[in-house]
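# Observations on chain architecture
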Amino acid sequence: VQLQASGGGLVQAGGSLRLSCAASGRTFSGYVMGWFRQAPGKQRELVAGITSGGNTGYADSVKGRFTISRDNAKNTVYLQMNNLKPEDTAVYYCAARASSTATTRVTGYDYWGHGTLVTVSS
């Protein structure tokens, strides 16, 4: 599985961005997909995840502001980010887990895309 993330950029606080992650491979629909982020000097953390059945989970820091979704017909997962804050600044990565069960562990994901940088100015 190859993952290609896009949609990052520079935005002012309070603004919105939508990240996309296009996946190759026929088994995309069966994978758990996740969006992670890593800020300078910090560990990579799970921001949001979605199972093959559409169940979602979010980090407390983004609940109510971010929405993860997937379009299995397009082999794409999205992260809609609203009301962005400077502390959301990070490199965002999409990842795929070859399992039907979700996990927050970075090591639980099998495939990773290159990151896309999100910068939120105050």
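First, a word on what this report is: a plain description of the structure on this page. Since the model is a prediction, treat every value here as computed from it, not as a measurement.

Cut-offs used in this document
- Residues numbered from 1 in each chain as written.
- Predicted model: local features only at pLDDT ≥ 70, side-chain atom pairs only at ≥ 80, totals over all residues.
- Heavy atoms only, no water.
- Helix = DSSP H or I, 4+ residues; strand = E, 2+ residues; numbered from the N terminus.
- Rg over C-alpha atoms; globule rule 2.2 N^0.38 Å.
- Buried < 20%, exposed > 50% of the residue type's maximum accessible area, 1.4 Å probe, protein only.
- Contact = heavy atoms within 4.5 Å.
- Areas by Shrake-Rupley, 256 points an atom, 1.4 Å probe, with all protein chains shown as cover.
- Lys, Arg positive; Asp, Glu negative; His and termini not counted.
- Charge placed at Lys NZ, Arg CZ, Asp CG, Glu CD.
- Pairing = 2+ DSSP bridges.

### Focus: the overall build of the protein
The secondary structure content of the protein amounts to zero helices and 11 strands. Taking 14 Å as the expected radius of gyration for a compact globule of 122 residues, we find that the protein reaches 13 Å, a close match to that expectation. If one aligns the C-alpha atoms of the protein with their principal axes, the spans along those axes are about 40 × 25 × 25 Å. Out of the 122 residues belonging to the protein, those deemed buried represent 43%. In the protein, 57% of the contacts between residues at least 6 apart in sequence involve partners at least 24 apart. Summed over all atoms, the accessible surface of the protein reaches about 6,200 Å², with 46% contributed by carbon and sulfur. Put simply, the protein has 12 plus and 6 minus side-chain charges, and the middle of one group is 4 Å from the middle of the other.

### Some details on the pairing of strand β11 (residues 116-121)
Here β11 shows a buried face lined by Thr116, Val118 and Val120 and an unburied face lined by Leu117, Thr119 and Ser121. The pairing of strand β2 (residues 9-12) with β11 spans four bridges and is parallel. Considered in β11, the bridge of glutamine 12 is made with serine 121.

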